[in-house]
Amino acid sequence: MTNQIGGESTEQKTAAERIEEARQLNRNINQTLNTIIELFQKGDYDNVALLPKQMALLNSVVTESQKRETEFNDRHGTGLAEGDIDFNLLRREIGCRLGRIRRCCKS
């Protein structure tokens, strides 16, 4: 914690940094997946052999991210009281479902 009045506490700064890291990671994953999809749609299969290695790396990053999120929530809580609706989780789930529908409709 900081000793300065009105300053941001160390825990809050760490939380904000972790949230930004997670957001950046999510953006990077989305960019990578979009690039792969675009290459496949163009018929560029030259780098297909690299996909298993890239997917393994992606899985390990997502797993590590989920582990850190769980540790953070265990330490600081989720900010939700029992019975509260987690709108961020709902948005994410809806986004994933819309993404699957979008992919199905394109093929």
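Residues numbered from 1 in each chain as written. Predicted model: local features only at pLDDT ≥ 70, side-chain atom pairs only at ≥ 80, totals over all residues. Heavy atoms only, no water.

Overview of the confidence of the model for the protein chain
And step 1. The predicted model of the protein chain has a mean per-residue pLDDT of 75, with 80% of residues at 70 or higher.
And step 2. Across the protein chain, the secondary-structure element scoring lowest on mean pLDDT is helix α1 (residues 10-41), at 77, and the one scoring highest is helix α3 (residues 87-106), at 82. (pLDDT = per-residue confidence, 0-100. Helix = DSSP H or I, 4+ residues; strand = E, 2+ residues; numbered from the N terminus.)

A closer look at the layout of surface pockets
And step 1. In this structure, the largest pocket occupies an estimated 2,100 Å³ of space.
And step 2. Lining the largest pocket are 40 residues, with Ala 22, Arg 23, Asn 26, Glu 69 and Arg 92 sitting closest to its centre.
And step 3. Among the elements that line the lining of the largest pocket, the one with the most residues is α1, at 15 residues.
And step 4. The class makeup of the residues in the lining of the largest pocket is 13 nonpolar, 13 polar and 14 charged.
And step 5. Of the voids in this model, the second largest pocket is the one considered here, and its volume is about 150 Å³. (1 Å grid on protein atoms, 1.4 Å probe; cavity = no way out; pocket = protein on both sides within 12 Å on 5 of 7 lines; lining within 4 Å. Points joined across faces, edges and corners; volume = space filled by probe spheres on them. Nonpolar A, V, L, I, M, F, W, Y, C, P; charged D, E, K, R; others polar.)

So, the environment of Phe 72
And step 1. Inspection of the secondary structure assignment puts Phe 72 in helix α2 (residues 51-76).
And step 2. In this structure Phe 72 comes out as buried when scored by relative accessible area, which is 17%.
And step 3. In the structure, Phe 72 is positioned 57 residues away from Ala 15 in sequence and 8.1 Å away in space, judged by C-alpha atoms. (Buried < 20%, exposed > 50% of the residue type's maximum accessible area, 1.4 Å probe, protein only.)

A word on a nonpolar patch on the surface
And step 1. A cluster of nonpolar side chains, namely Ile 85, Phe 87, Leu 90, Ile 94, Leu 98 and Ile 101, defines an oily patch on the protein surface of about 580 Å² accessible area.
And step 2. Within the fold, Ile 94 resides in helix α3. (Patch = residues over 30% accessible without salt bridge, like charges linked within 9 Å, V, L, I, M, F, W, Y side chains within 5 Å. Areas by Shrake-Rupley, 256 points an atom, 1.4 Å probe, with all protein chains shown as cover. Salt bridge = Lys/Arg side-chain N within 4 Å of Asp/Glu carboxyl O.)

Examining a positive patch on the surface
And step 1. On the surface, a cluster of positive charge is made up of Arg 97, Arg 100, Arg 102, Arg 103 and Lys 106.
And step 2. Mapped onto the elements, Arg 100 comes out in helix α3.
And step 3. Judged by its relative accessible area of 44%, Arg 100 falls in the partly exposed class. (Lys, Arg positive; Asp, Glu negative; His and termini not counted. Charge placed at Lys NZ, Arg CZ, Asp CG, Glu CD.)

A look at the pattern of salt bridges
And step 1. Summed over all chains, the structure comprises three salt bridges.
And step 2. Among the salt bridges present, the one from Arg 68 reaches Glu 21, with a minimum N-O distance of 3.5 Å. You can see Arg 68 sitting in helix α2 and its partner Glu 21 sitting in helix α1, a full 47 residues away along the chain.
And step 3. A relative accessible area of 47% means that Glu 21 is categorised as partly exposed.
And step 4. Arg 68 is the partner of Glu 64 in a salt bridge, and the nearest nitrogen-oxygen pair spans 3.4 Å. Here Glu 64 and its partner Arg 68 are both found in helix α2, four residues apart, which amounts to about one turn of the helix.
And step 5. Residue Glu 64 is classed as partly exposed on the basis of its relative accessible area, which comes to 33%.
And step 6. The partly exposed category is assigned to Arg 68, whose relative accessible area is 42%.
And step 7. Salt bridges here are not isolated pairs; linked through shared partners, they connect Glu 21, Glu 64 and Arg 68.

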